[in-house]
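Structural overview
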Amino acid sequence: MTTVLIKGARPYGEGDPVDVLVEDGVITDIGSLDVPDDAEVIEAGGQVLLPGFVDLHTHLREPGREDTETIATGSAAAALGGYTAVFAMANTDPVADNAVIVDHVWRRGQEAGLVDVHPVGAVTVGLKGEKLAELGTMAKSEARVKVFSDDGLCVADPLLMRRALEYSTALGVVIAQHAEEPRLTVGAQAHEGEQAARLGYTGWPASAEESIVARDCLLAEHANARLHVCHVSTSGTADILKWAKDRGTKVSAEVTPHHLLLTDERLATYDPVNKVNPPLRTESDAEKLRAALAEGVIDCVATDHAPHAVQDKDCEWSSARPGMLGLQTALSIVVETMVRTGLLDWRGVARVMSERPAEIGNLTDHGRPIEVGEPANLTLVDPDAEWTVRGAEFASIAANTPYEGMRLPGVVTATLLRGRITAREGKIAQ
Ligand SMILES: NC(=O)N[C@@H](CC(=O)O)C(=O)O
Ligand SMILES: [Zn+2]
Ligand SMILES: [Zn+2]
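Values in this document were obtained by computation on a predicted structure and should not be read as measured data.

Next up on the list: the UniProt feature "binding site: Zn(2+) 1" (unreviewed entry) in the protein chain. Look at the UniProt record and you will see "binding site: Zn(2+) 1" (unreviewed entry) annotated at His 57, His 59, Asp 151 and Asp 304. These annotated residues cover 248 residues of sequence, and their C-alpha atoms lie no more than 9.8 Å from one another, placing them together at a single site. For His 57, the position within the fold is in strand 6 (residues 53-58). Classification of His 57 by C-beta neighbours within 10 Å gives buried; the count is 29. Those residues in contact with His 57 that sit more than four places away from it in its chain are Phe 87, Met 89, Cys 230, His 231, Glu 254, Ala 302, Thr 303 and Asp 304.

At the junction of Glu 62 and Pro 63, the peptide bond is cis and its omega measures out at 5° in the coordinates. Its location among the elements puts Pro 63 in the loop between strand 6 and helix 1 (71-80). Between Asn 277 and the following residue, Pro 278, the backbone shows a cis peptide bond with an omega angle of -15°. Tracing the sequence through the fold places Pro 278 in the loop between helix 8 (257-261) and helix 9 (283-295). One non-glycine residue, His 231, adopts positive backbone phi at about 20°. Relative to the assigned elements, His 231 resides in the loop between strand 13 (227-229) and helix 7 (235-246). C-beta crowding within 10 Å serves as the criterion here: with 24 such atoms nearby, His 231 is assigned to the buried category. Although it is not a glycine, Tyr 270 adopts a positive phi angle of roughly 60°. By the element assignment, Tyr 270 lies in the loop between helix 8 and helix 9. Looking at Tyr 270, the number of C-beta atoms within 10 Å reads 10, which means it is exposed.

As a further point, take helix 4 (residues 158-171). Given a rise of 1.5 Å per residue, 14 residues ought to cover 20 Å, and the 20 Å separating the end C-alpha atoms of helix 4 matches this to within 8%. Close packing links the buried residues of helix 4 with strand 9 (147-148), strand 10 (174-177), helix 6 (206-223) and strand 13.

With 100% of its residues at a pLDDT of at least 70, the protein chain reaches an overall mean of 98. The ipTM for the predicted assembly is 0.98, set against a pTM of 0.98.

How each quantity is defined
- Residues numbered from 1 in each chain as written.
- Chains lettered and ligands numbered in written order.
- Predicted model: local features only at pLDDT ≥ 70, side-chain atom pairs only at ≥ 80, totals over all residues.
- UniProt positions renumbered as here; feature names shortened; annotations may be inferred.
- Helix = DSSP H or I, 4+ residues; strand = E, 2+ residues; numbered from the N terminus.
- Buried ≥ 20, exposed ≤ 12 C-beta atoms within 10 Å, placed from the backbone.
- Contact = placed C-beta atoms within 7 Å.
- Expected span 1.5 Å × (residues − 1).
- pLDDT = per-residue confidence, 0-100.

Listed below in structure tokens is the structure:
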């Protein structure tokens, strides 16, 4: 039995500091408490206590590209970033399109023991977009797959998407779509706009995302199914989501930290660290995404943590792989874009980083209220501290962060998974 006493924390950043007692993985008391004999004490000094973060969209590169990230290193990055659960995307090699792979990922995550790694199952066999994978077998396997996605690629065939949505309802799972009409993004390198035109890059038009989101909202509505939209990047998508939600469509959506903060002005650097899918858009898109997140039109923040090897990033723009790291910087970017701007309070941060993603991902033991009797999946944040980003110091093997050298607000000082301290003062605790 492990006992942890968090002394003087402010749950959701509200009210006077309280002590939170955690015994055997569960919150057993909250108030002004004495230190039990055997307790490990965390002096919180008035810091903000939140439910542990849940990332609906993480790329761990195991199996296949363990030179860039493994389940263990990605789990460490997640714990340091304040996460207690992550969903690992299926675009590994081999693809997670069957029970053997998803169960392997789930078990490796449990062995690492730092966050719950929930494997996402592929929607189609080999991510080929031709034939449905065995969703039912994966949903019923040991990993209990709850989210399916071909992320990296779009389920572009509308009939296949319709069938996937129909099956998902029967299985009680959710389909997460990487919305990119492939015919509109052939050879695309960057957001179709002034910056790409100036540099001679083939454009990735907003309509390539929006046309799929609109189509899928209609398909979901007609199938009475749930749809989750990955990495929303355009202002038009926010409008479509609002329209669909107002009609009662069961659609949820995520936005990445980088789409909240960064824009295609970054193209001027020629540095492929800024290359990502969907691409960085304009300031007016970013502004709209921040407002949509604050209003709940976009439900949550997901990192789309995408580790890449040096040789796949430190090269010519057109041959570089898209994607950027996110797990260890997500909270700080949310503080910078949403909290410091007054768009979200800490309750709101708990909603978009923990509660909503847990609900969308069908997790019953994460994103829970900070109350007696609840599982102790918790994150302690120093809201006033700042830090400087150094990719080389991340727990991730890869270092492709677009925030290198930036000074960011908000520091995760402790993370607890079922009452066990997984990260403390920037170090993994084991
Ligand atoms: N976001 C990216 O640019 N890349 C992701 C795939 C994806 O999320 O589409 C990857 O797997 O590297
Ligand atoms: Zn994607
Ligand atoms: Zn992704």
